[in-house]
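# Results of the structural survey
What follows is each chain in one-letter form.
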Amino acid sequence: MENTSPELTQEQKDRVLREWSRELLDRFELEDVDLDIDALLGLAGVAAHQVIRPAAPLTTFVVGLAAGMAAASGQTTVDNAISSAVKHARSIIKSRSETA
């Protein structure tokens, strides 16, 4: 169901995103994960503008998958795995744009 509410302020949007991410994490039983929403949205924006728009959700999915696999293997904590995966994706996008 699409959200048909009137235009939200930035503060309201931030609150909705925090609540939504918390609900998703809870439903997936990932209560101890602390998401950096700004970092993930920033990465999505970079991917959308420097690759193509549909790259945004694909990039964040792959980052989440890579972070989850790294954390599950015991290589690092979940929070560090997410941060590292975001940085790695940004560097891949940057190097891709430098060679284009």
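Owing to the predicted nature of the structure, the values given are computational and were not obtained by experimental measurement.

### Examining the pattern of salt bridges
Side chains that differ in charge, positive against negative, can pair when their charged atoms come close. Applying the stated criterion across every chain, the model contains 4 salt bridges. Here Glu19 makes a salt bridge to Arg15, at a shortest N to O gap of 3.5 Å. Here Glu19 and its partner Arg15 are both found in helix 1 (residues 10–27), 4 residues apart, which amounts to about one turn of the helix. In this structure, Asp26 and Arg22 form a salt bridge, with 3.8 Å as the shortest nitrogen-oxygen distance. Of this pair, Asp26 and Arg22 both sit in helix 1, 4 residues apart, roughly one helical turn. A relative accessible area of 32% places Arg22 in the partly exposed class.

### Concerning a nonpolar patch on the surface
Taken together, the side chains of Leu58, Phe61, Val62, Leu65 and Met69 present a nonpolar region at the surface, about 530 Å² in accessible area. Among the secondary structure elements, Met69 is positioned in helix 3 (residues 55–72). A relative accessible area of 56% places Met69 in the exposed class.

### Overview of the layout of surface pockets
Here the largest pocket is characterised by a volume of approximately 580 Å³. If you go around the largest pocket, you meet 20 residues; those closest to its centre are Ser21, Leu24, Leu25, Leu35 and Leu40. Looking at the lining of the largest pocket, the elements that each hand over two or more residues are helix 1, helix 2 (37–50), helix 3 and helix 4 (78–99). At 6 residues, helix 3 tops the list of elements feeding residues into the lining of the largest pocket. Residue classes in the lining of the largest pocket are distributed as 16 nonpolar, 4 polar and no charged. If you add up the space inside the second largest pocket, you get close to 150 Å³. For the lining of the second largest pocket, the elements supplying multiple residues, two or more each, are helix 3 and helix 4.

### Quick notes on the UniProt feature "domain: DUF6457" (unreviewed entry) in the protein chain
The UniProt record marks residues 13–98 with the feature "domain: DUF6457" (unreviewed entry), using the residue numbering of this structure. The span residues 13–98 shows a helical share of 79% and a strand share of 0%, and its end C-alpha atoms are spaced 33 Å apart.

### Focus: the packing of helix 3 against helix 4
Where helix 3 contacts helix 4, the two axes come as close as 8 Å, and the packing angle between them is 135°. By the angle between their directions, the pair helix 3 and helix 4 is classed as oblique. Two packed elements cross with a definite hand, and for helix 3 against helix 4 that hand is right-handed. Across from Thr59, Val63, Ala67, Ala70 and Ala71 in helix 3, the residues of helix 4 making contact are Val78, Ala81, Ile82, Ala85, Val86, Ala89 and Ile93. Taken together, the residues of the contact of helix 3 with helix 4 break down into 11 nonpolar, 1 polar and no charged.

Reading guide: rules and limits
By convention here, each chain's residues receive numbers from 1 onward along its written sequence. Side-chain atom pairs in this predicted model are given and counted only at pLDDT of 80 or more, local residue features only at pLDDT of at least 70, and totals for whole chains, interfaces and linings cover all residues. For the side-chain quantities, the full set of heavy atoms in the structure was used; hydrogens and water were omitted. Each salt bridge in this description consists of a side-chain nitrogen of Lys or Arg and a carboxyl oxygen of Asp or Glu lying within 4 Å of one another. Where helices and strands are cited, they refer to DSSP runs of H or I of at least four residues and of E of at least two residues respectively, numbered from the N terminus. Relative accessibility under 20% of the residue-type maximum defines a buried residue, over 50% an exposed one, and the middle range a partly exposed one, all with a 1.4 Å probe and only protein chains included. Patch building starts from residues that exceed 30% relative accessible area and form no salt bridge, then joins like charges within 9 Å and nonpolar side chains (Val, Leu, Ile, Met, Phe, Trp, Tyr) within 5 Å. Where accessible areas are quoted, they stem from the Shrake-Rupley method and a 1.4 Å probe; at the residue level, only the protein chains shown are allowed to cover. Computed over the protein atoms alone on a 1 Å grid, cavities are sets of points where a 1.4 Å probe fits but cannot get out and pockets are open sets with protein on both sides within 12 Å along at least five of seven lines; a residue lines them when it has an atom within 4 Å of a point. Grid points are joined across faces, edges and corners, and a volume is the space filled by probe spheres set on the points. Residue classes follow a fixed rule: Ala, Val, Leu, Ile, Met, Phe, Trp, Tyr, Cys and Pro count as nonpolar, while Asp, Glu, Lys and Arg count as charged, and any other residue, Gly among them, counts as polar. UniProt positions are given in the numbering used here, feature names are shortened, and annotations may be inferred rather than shown by experiment. An axis is simply a line fitted to the C-alpha atoms; with a helix, the fit covers only the stretch in contact. Between two such axes, the angle follows the N-to-C directions and lies from 0 to 180 degrees. To sort the angles, those under 35 degrees are grouped as roughly parallel, those over 145 as roughly antiparallel, those from 65 to 115 as roughly perpendicular, and the leftovers as oblique. Crossings are classed by handedness, with left-handed meaning an anticlockwise turn of the near helix from the far one by less than a right angle and right-handed meaning a clockwise turn. Should any heavy atoms of two residues lie within 4.5 Å, those residues are counted as being in contact.

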